[in-house]
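Each chain, written out:
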Amino acid sequence: MLVSPGFDAALAAVLGLLLGSFLNVVIHRLPQMLERQWAAECASLSDSTAAPVESPAFNLLVPRSRCPQCGHLIRWYENIPVLSYLALRGKCAACAAPISVRYPLVEAGTAALFFLIVWRWGFTPQALALCGLAAALLALALIDWDTTLLPDDITLPLVWAGLIAAALGWSDVLLTNALWGAIAGYLSLWGVYQAFKLLTGKEGMGYRDFKLLAGLGAWFGWQALIPIILMASVLGAVIGLGMKFTSGLREGGYVPFGPFLAGAGLTAMIFGPEAILRVIGL
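Predicted, not measured: the structure shown is a model, and the values here were computed from it.

Caption draft 1: Seen up close, the overall build of the protein. Of the regular secondary structure elements, the protein holds 10 helices and 0 strands. Of the regular secondary structure in the protein, the N- to C-terminal order runs α-α-α-α-α-α-α-α-α-α. Taken over the C-alpha trace, the protein has a radius of gyration of 21 Å; the compact-globule value for 282 residues is 19 Å, and the two agree within 12%. Each principal axis of the C-alpha atoms in the protein carries an extent, and together these give about 60 × 55 × 45 Å. Sorting the 282 residues of the protein into buried and exposed places 40% on the buried side. Looking at the protein alone, contacts between residues at least 24 apart form 69% of all its contacts between residues at least 6 apart. Computing the positive centroid from 16 side-chain charges and the negative centroid from 16, the protein places the two 8 Å apart.

Here is the structure:
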């Protein structure tokens, strides 16, 4: 038996630091894994008679992490969440190339989310499920920001996990509301996509955004969809305008919507969907 809510939350934060370190690997490698898979599939379809080309194993576990500048293998004591970054002063131990500050921020952010979740819900199955949701949303937000890709490997399990959590009573949402939330989440963005394409002839978002909102609908119920979409839209508009005026938009002027959906989902999880409506004045 654990000692107190504070101890439970602190232990969850330590687990969050460790998982945050793994999330950095997921964020960096999963898009590359998918690109390699797609390239291999295209090659096999274009030349079915060619012998498959053997390539070194590349997944979430191998090869070992290296410095992208000098190839220095990261030793275990250089990979302790947050502490190693501080000890190395944000530089590679071998070549002194700068290490992105994102790595410790992801680790600290995951720890903070786990702390808040366990502080509020205790060490319960619901808290465990919500920690998984928080980790998935954080990974999706950063992957989409980097690559404009929301991997089905995360979004589809997110939908099923939300429905299963509701069925087991591990969320505050009834199973019927979770089911309709998943359906309404997908169809609402699909409808916006079709209307935008009909009016402009362009695609305003990707199909994977539909799947992410379906996952959020499964976790929070159909009632939470309007607050989540409103918050994501406001955040996206404000940040998009800021990037436009500072010339920070990427080629094509495209700002991915997934990070803002994920951010709104995290806000709904911690504070509740009603808090979103209060923040934006509704």
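Read on, since the account is not over.
Caption draft 2: Representation of unusual backbone geometry. Cis rather than trans, the peptide bond between V62 and P63 has omega equal to 0 degrees. Notably, T148 is not glycine yet its phi reads approximately 55 degrees, a positive angle. Tracing the chain through its elements places T148 in the loop between α4 (125–147) and α5 (152–168). For T148, a relative accessible area of 39% gives the class partly exposed.

Caption draft 3: The arrangement of the packing of aromatic side chains in detail. For the structure on display, the rule yields 7 aromatic pairs. Note on F115 and W119: the rings are 5.9 Å apart at their centroids and 15 degrees apart in plane angle, and the pair reads as stacked. Pair noted here: F115 and W119 are both in helix α3 (residues 102–121), with a separation of 4 residues, about one helical turn. Look at F115 and you get partly exposed, because its relative accessible area is 30%.

Caption draft 4: How the structure looks around the confidence of the model for the protein. A residue-level look at the protein finds 92% of positions with pLDDT of 70 or above and a mean pLDDT of 89. For the protein, the element scoring lowest by mean pLDDT is helix α10 (residues 273–279), at 74; α5 scores highest, at 97.

Caption draft 5: Geometry of the pattern of salt bridges. Per the counting criterion, the structure on display carries 4 salt bridges. Notably, a salt bridge pairs E78 with R75, separated by 2.8 Å at the nearest N-O pair. Accessibility expressed as a relative area gives 10% for E78, which makes it buried. Residue R75 is classed as partly exposed on the basis of its relative accessible area of 35%.

Caption draft 6: Molecular detail of the nonpolar core. In terms of nonpolar packing, the biggest core is built from 56 residues, with I117, F220, I228, L261 and M269 touching the most fellow members. When contributions to this core are tallied by element, the ones reaching two or more residues are α1 (5–46), α3, α4, α5, α6 (175–200), α7 (207–220), α8 (225–245) and α9 (258–271). The greatest single-element share of this core, amounting to 15 residues, is contributed by α4. Non-local contacts of L261, meaning those with residues more than four positions away in its chain, are made with L189, D209, L212, L213, L216, I228 and A232. Core analysis: the next-biggest nonpolar cluster, separate from the first, contains 8 residues, A166, V173, A182 and A218 among them.

Caption draft 7: Here's a closer look at α6. When the terminal C-alpha atoms of α6 are compared, their 38 Å separation across 26 residues agrees well with the 38 Å that a helix rising 1.5 Å per residue should span. When α6 is considered as a whole, its buried residues turn out to be N177, A178, G181, A182, G185, L189 and Y193. Where the residues of α6 are buried, they touch α5, α7, α8 and α9. Positioned one or two residues after α6, G201 has a phi angle of 75 degrees, which is positive.

The rules we used
- Residue positions are given per chain, counted from 1 along the sequence in the order it is written.
- Owing to the predicted nature of the model, reporting of local features is limited to residues with pLDDT of at least 70; listing and counting of side-chain atom pairs is limited to 80 or more, with chain, interface and lining totals taken over all residues.
- In computing side-chain properties, one takes all heavy atoms of the structure into account and sets aside hydrogens as well as water.
- Here a helix means four or more residues in a row that DSSP labels H or I, a strand means two or more in a row labelled E, and each is numbered from the N terminus.
- Radius of gyration: C-alpha atoms only; globule rule: 2.2 Å multiplied by the number of residues to the exponent 0.38.
- Categorising residues by exposure relies on relative accessible area from a 1.4 Å probe, with only protein chains included: less than 20% of the type maximum marks a residue as buried, more than 50% marks it as exposed, and the intermediate range marks it as partly exposed.
- In this analysis, two residues are considered to be in contact whenever any of their non-hydrogen atoms come within 4.5 Å of each other.
- In this count, Lys and Arg are taken as positive residues and Asp and Glu as negative ones, while His and the chain termini are left out.
- Charge positions are represented by NZ for Lys, CZ for Arg, CG for Asp and CD for Glu.
- Classification of ring pairs rests on two measures: the distance between centres of Phe, Tyr or Trp rings, Trp counted by its six-membered ring, which must be within 6.5 Å, and the angle between planes, read as stacked under 30 degrees, edge-to-face over 60 and tilted in between.
- As a per-residue measure, pLDDT tells how confident the predictor is, with possible values from 0 to 100.
- A pair is scored as a salt bridge if a Lys or Arg side-chain nitrogen falls within 4 Å of a carboxyl oxygen belonging to Asp or Glu.
- As used in this record, nonpolar core signifies buried Ala, Val, Leu, Ile, Met, Phe, Trp, Tyr and Cys residues forming a set joined through side-chain atoms within 4.5 Å.
- Given a helix with a known number of residues, its expected span is that number minus one, times 1.5 Å.

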